[in-house]
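Notes for the structure review
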Amino acid sequence: MKKIGFIILAAFILGLIVYVTFIIAVIKITLGIILLAIAAVLLTIVYFKIKHLLND
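To keep things clear, this report deals only with the structure shown in the data block. This is a predicted model, so every value here is computed, not measured. In this numbering scheme, every chain counts its residues from 1 along its sequence in written order. Totals for whole chains, interfaces and linings use every residue, but because this is a predicted model, local features are given only for residues with pLDDT of at least 70 and side-chain atom pairs only at 80 or more, for both listing and counting. Each side-chain value is worked out from all heavy atoms of the structure, with water and hydrogens disregarded.

**With respect to the overall build of the protein**
Looking only at helices and strands, the protein has 1 helix and 0 strands in total. Taken over the C-alpha trace, the protein has a radius of gyration of 24 Å; the compact-globule value for 56 residues is 10 Å, which it surpasses by more than 25%. Its C-alpha atoms give the protein principal-axis dimensions of roughly 85 × 10 × 5 Å. A total of 56 residues make up the protein; the buried ones form 0% of that total. Per-residue accessibility takes into account occlusion by the displayed protein chains alone, with areas from the Shrake-Rupley method and a 1.4 Å probe. As presented, the protein carries roughly 5500 Å² of accessible surface, and 84% of it is formed by carbon and sulfur atoms. Secondary structure is summarised from DSSP: a helix means a run of H or I of at least four residues, a strand means a run of E of at least two, and numbering begins at the N terminus for each. Our radius of gyration is a C-alpha quantity, and the globule rule it is checked against amounts to 2.2 Å times the number of residues to the power 0.38. Classification of residues uses two cut-offs on accessible area relative to the type maximum, computed with a 1.4 Å probe and protein chains only: under 20% is buried, over 50% is exposed, and between them is partly exposed.

Here is the structure:
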């Protein structure tokens, strides 16, 4: 009984570690996508401002 309980506990802890790692990876990917979108918008604004200055 003790051996089975230990195996179940070890499997639960291993599953919890994998789950937390997966959640952290998803959060990092989401933040990366958000930062990429913000950078794209800022670069577009800067590009149009420079283009407007050069046309004058």
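After that view of the structure, there is still more to cover.
**A short note on the packing of aromatic side chains**
Aromatic rings from Phe, Tyr and Trp, with only the six-membered ring used for Trp, were paired whenever their centres fell within 6.5 Å, and each pair was classed as stacked if the ring planes differed by under 30 degrees, edge-to-face if by over 60, and tilted otherwise. Inspection of every chain in the model, using the stated rule, returns 1 aromatic pair. Aromatic pair Tyr-47 and Phe-48: ring centres 5.4 Å apart, planes at 65 degrees, arrangement edge-to-face.

**Looking at the environment of Ala-37**
Following the sequence through the fold, Ala-37 ends up in helix H1 (residues 2–55). For the pair formed by Ala-37 and Asn-55, sequence separation is 18 residues and the distance between their alpha carbons is 27 Å.

Purely geometric stuff here, so don't read any function into it on its own.
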